[in-house]
Amino acid sequence: MPSSKVLLDRDFAIGTTDRRLFGAFVEHLGRCVYGGIYEPDHPSADERGFRGDVLKLVRELGPTIVRYPGGNFVSGYDWEDGVGPVEKRPRRLDLAWQSIEPNTFGTNEFMDWCRLANVEPMLAVNLGTRGPDAARRLVEYCNHPGGTTLSDLRREHGWPEPHDVKFWCLGNEMDGPWQMERKTPVEYGRVATEAAKMMKMVDPSIELAVCGSSARTMPTFGEWERIVLEHTFDHVEYISLHTYLNNYAEDTAAFLASPDLMDSFIEEVVAIADAVAAERRSSKRIMLSFDEWNVWYRTRRGDTRVREGWPVAPPILEEVYTMEDALAFGGACIALLNHADRVRAACLAQLVNAIAPIMTQTGGAAWRQTIFWPFADFANLGHGKVLRTQIDCPTYSATYYDPRGKEDLYFPLPEVPYLKLAAIHGDDTLTLFALNRHLDEPMRINVSARGFSELALERAQTLHNGDLRAANTQDDPDRVRPEALQGVEIRGSELVATLPAASWTVLRMRAR
Ligand code: AHR
């Protein structure tokens with residue numbers, strides 16, 4: 001059996017997790033909003049039309065912040081369409097997802113839903129078909145207390161108190177050819193700067209994220225970040241990153257190695273942001289907002305992406321996640337935790353139905369996909385000081401395939417440790433998140449937790465299934481779910497456990 005040695009020290013920390021690291025994303029896309037979080041005719045819906053069964057699962061999942069309303073959708077969205085009397089709201093063509101947008105759910109409904117879900121709102125403004133003027137008006141509508149036309153309009157609409165939205169995204173994926181009114185880095189840098197200035201003139205307390213590349217595979221990655229930050233550096237707090245992991249190549253070992261490329265991506269963006277700071281002799285540090293991440297590939301193309309005939313809320317991007325996906329996904333959670341010093345916000349894309357941990361049947365049941373489990377562990381147990389770990393374990397090599405448009409890209413990963421791990425020191429807890437990437441063999445781990453004298457096991461849970469293609473469905477919603485891990489031994493500050501082959505494990509200890 002392969003074995004690993006893990007050494008950590010209570011006093012050696014990478015950083016403390018920001019509450020916003022555990023976010024998710026709700027876009028007007030397919031059945032994420034309509035038939036997902038909002039379905040007035042559903043038996044569990046409240047008087048505002050919010051599905052109670054979905055809200056219950058969202059609270060269990062534990063996201064802390066939710067990005068809205070897109071995504072690609074936001075680049076053609078007129079926010080004014082989604083406020084005011086519902087019967088007067090226009091139906092529009094949504095060009096991003098080739099659907100009809102009925103606008104019966106908009107900004108104010110989203111704010112109410114956030115309060116019920118106990119999450120902070122993260123709003124994106126349209127810097128595609130609209131621009132700085134529409135953006136500053138939306139900030140005024142949302143955040144100004146009253147006494148101006150726009151803030152009084154919000155009050156007339158039924159929301160007397162300001163929404164006080166703190167976190168704003170300056171557009172979405174503005175480098176992507178698929179984006180409405182895509183821009184060059186110089187065009188976007190200029191527009192984002194002017195939007196940022198005006199939005200902060202309205203409310204200086206807000207924080208802003210500028211768009212980074214829509215993927216590390218984009219041909220302009222690197223240059224885009226540099227030019228955009230050279231324009232916006234003085235006006236923003238964050239730059240965004242997006243990654244969707246895939247297993248198009250049907251190479252599980254490479255798929256499970258792919259979260260290591262998220263580590264590289266984060267470190268590269270940090271280097272570029274800090275190089276821009278260095279050129280200005282600035283001590284300011286731009287933080288990272290990894291505001292779209294997930295596994296997504298099966299429904300990325302063809303008729304699972306858009307449906308003909310301009311439907312309302314079509315069932316698109318309804319990726320059914322497997323055990324294998326949950327493992328790659330868990331690796332992504334570990335990559336985010338291990339960069340808690342610079343990744344200060346992150347959003348699982350998305351929350352319900354469209355590439356989501358929660359699935360629903362319109363008019364029917366709601367259930368947890370396989371990826372629900374690692375996210376719930378991450379969001380509920382991942383808060384605290386992330387400790388540095390030294391891991392001594394066997395490695396393997398893999399080549400990860402990532403298509404970029406019509407081009408295929410191959411990323412060789414010569415040294416992939418079989419064990420990927422993050423260690424979190426909470427108030428009086430020590431939590432380990434561990435991914436055993438060995439597909440055939442269990443792994444024995446020996447953890448030396450220096451500085452912790454009396455560890456006591458509180459929870460040992462593992463997610464694994466002999467069938468890596470196993471998925472949860474409406475008929476079999478609990479096929480993949482965590483179970484107790486037996487045989488964990490603790491003596492003082494030493495822990496020994498055996499992780500099943502191809503598994504995601506959480507070990508939580510009381511730590512004095
Ligand atoms: O999350 C699905 C889509 O992926 C988003 O709308 C877009 O930003 C990204 O390309």
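The shown structure was predicted, so the numbers you read here are calculated from the model rather than taken from an experiment.

Novice: Requested: an account of the sheet that holds strand S9 (residues 238–245), with residues and values cited.
Specialist: Read once around its circumference, the closed barrel built from 8 strands follows the order S2-S3-S6-S7-S8-S9-S10-S11, with strand pairing classed as parallel. Direction aside, the axes of adjacent strands within the sheet are offset by 30° on average. Across the face of the sheet, helix H3 (residues 132–143) comes into contact with strand S6 (120–125) and strand S7 (167–170) while running at roughly 165° to S7.

Novice: Would you mind going over the site of the ligand in detail, with residue names and values included?
Specialist: Around the ligand, the neighbouring residues are Phe25, Glu27, Gly71, Asn72, Trp97, Asn172, Glu173, Tyr244, Glu292, Trp296, Gln350 and Ile355. Interatomic distance of 2.9 Å between a backbone N/O atom of asparagine 72 and an oxygen atom of the ligand. In this structure, an oxygen atom belonging to the ligand sits 3.0 Å away from a side-chain N or O atom of glutamine 350. Protein chains bury 97% of the 280 Å² of accessible surface belonging to the ligand in isolation. In this structure the site holding the ligand corresponds to the largest pocket. Of the residues contributing to the shell around the ligand, the split by class is 5 nonpolar, 4 polar and 3 charged.

Novice: Lay out H3 in plain terms, naming residues and giving numbers.
Specialist: Relative to the 16 Å expected for 12 residues at 1.5 Å per residue, H3 spans 16 Å between its end C-alpha atoms, a close match to the ideal helical length. In terms of burial, H3 is largely enclosed, as 9 of its 12 residues are buried. Looking at H3, one finds that the buried residues are Pro132, Ala134, Ala135, Leu138, Val139, Glu140, Tyr141, Cys142 and Asn143. For H3, the secondary structure elements touched by its buried residues are helix H2 (107–117), S6, helix H4 (149–156), S7 and helix H5 (185–202).

Novice: Describe the sheet that holds strand S18 (residues 429–436), naming the residues involved and giving the relevant values.
Specialist: Pairing is mixed in the open sheet, where 10 strands are placed in the order S21-S20-S24-S18-S17-S14-S1-S19-S23-S22. With partners counted over all chains shown, the strands left at the sheet margins are strand S21 (483–484) and strand S22 (489–491), one partner each. Bridging between strand S20 (residues 456–463) and strand S24 (residues 503–510) involves 7 bridges; their strand directions are antiparallel. Bridge pairing in S24 places arginine 459 opposite arginine 508.

Novice: Describe in detail empty space enclosed by the protein, supporting the description with residues and values.
Specialist: Applying the stated criterion across every chain yields a total of 4 cavities of 30 Å³ or more. Its boundaries defined by the atoms lining it, the largest cavity holds a volume of some 110 Å³. Forming the boundary of the largest cavity are 15 residues, of which Trp79, Ala124, Val125, Asn126 and Leu138 lie nearest the centre. Only S6 and H3 provide two or more residues apiece to the lining of the largest cavity. In terms of residue class, the lining of the largest cavity is made up of 11 nonpolar, 3 polar and 1 charged. Taken as a whole, the second largest cavity holds about 80 Å³ of empty space. Along its surface, the second largest cavity is lined by 13 residues, and His28, Leu29, Gly30, Ser99 and Glu101 are the ones closest to its centre. No other element matches strand S5 (residues 99–101), which puts 3 residues into the lining of the second largest cavity. Each residue belonging to the lining of the second largest cavity can be placed in one class, and the counts come to 8 nonpolar, 3 polar and 2 charged.

Novice: Please set out the pairing of S24 residue by residue, giving values where relevant.
Specialist: Burial within S24 is extensive, with 7 of its 8 residues counted as buried. Bridge count for S18 against S24 is 8 bridges, and the pairing is antiparallel. Within S24, the position partnered with alanine 434 by the bridge is threonine 505.

Novice: Please provide a residue-by-residue account of the environment of glycine 131, values included.
Specialist: With respect to the helices and strands, glycine 131 occurs in the loop between S6 and H3. Judged by relative accessible area, glycine 131 falls into the buried class, the value being 14%. Taking the C-alpha atoms as reference, glycine 131 lies 9.6 Å from leucine 170; in sequence the two are 39 residues apart.

Novice: Account for the packing of aromatic side chains, naming residues and giving values.
Specialist: For the coordinates displayed, the defined rule picks out 26 aromatic pairs. Ring geometry for phenylalanine 73 and tyrosine 77: centres 4.9 Å apart, planes at 40°, overall tilted. Between the aromatic rings of tyrosine 248 and tyrosine 297, the centroid separation amounts to 5.3 Å while the plane-to-plane angle is 75°, which identifies the pairing as edge-to-face. Of this pair, tyrosine 248 sits in the loop between S9 and helix H7 (252–257) while tyrosine 297 sits in the loop between strand S10 (287–295) and helix H9 (323–337), and the two are 49 residues apart along the sequence. Members of the aromatic cluster, joined through ring pairs, are Tyr34, Tyr38, Phe50, Tyr68, Phe105, Phe110 and Trp113. Between the NZ or CZ atom of arginine 301 and the centre of the ring of tyrosine 248, over which it lies, the distance is 4.6 Å. Here the guanidinium or amino end of arginine 368 rests over the ring plane of phenylalanine 372, the centre of that ring lying 5.5 Å away.

Reading guide: rules and limits
Residues numbered from 1 in each chain as written. Predicted model: local features only at pLDDT ≥ 70, side-chain atom pairs only at ≥ 80, totals over all residues. Heavy atoms only, no water. Pairing = 2+ DSSP bridges. Helix = DSSP H or I, 4+ residues; strand = E, 2+ residues; numbered from the N terminus. Axes fitted to C-alpha atoms, helices over the stretch in contact; angles between N-to-C directions. Contact = heavy atoms within 4.5 Å. Near = heavy atom within 4 Å. Polar contact = N/O pair within 3.5 Å; in protein donor to acceptor, adjacent residues only side chain to side chain. Areas by Shrake-Rupley, 256 points an atom, 1.4 Å probe, with all protein chains shown as cover. 1 Å grid on protein atoms, 1.4 Å probe; cavity = no way out; pocket = protein on both sides within 12 Å on 5 of 7 lines; lining within 4 Å. Sits in = over half its atoms within 2 Å of the grid points. Nonpolar A, V, L, I, M, F, W, Y, C, P; charged D, E, K, R; others polar. Expected span 1.5 Å × (residues − 1). Buried < 20%, exposed > 50% of the residue type's maximum accessible area, 1.4 Å probe, protein only. Points joined across faces, edges and corners; volume = space filled by probe spheres on them. Phe/Tyr/Trp six-rings, centres within 6.5 Å; stacked < 30°, edge-to-face > 60°. Lys NZ or Arg CZ within 6 Å of the ring centre and 35° of its normal.

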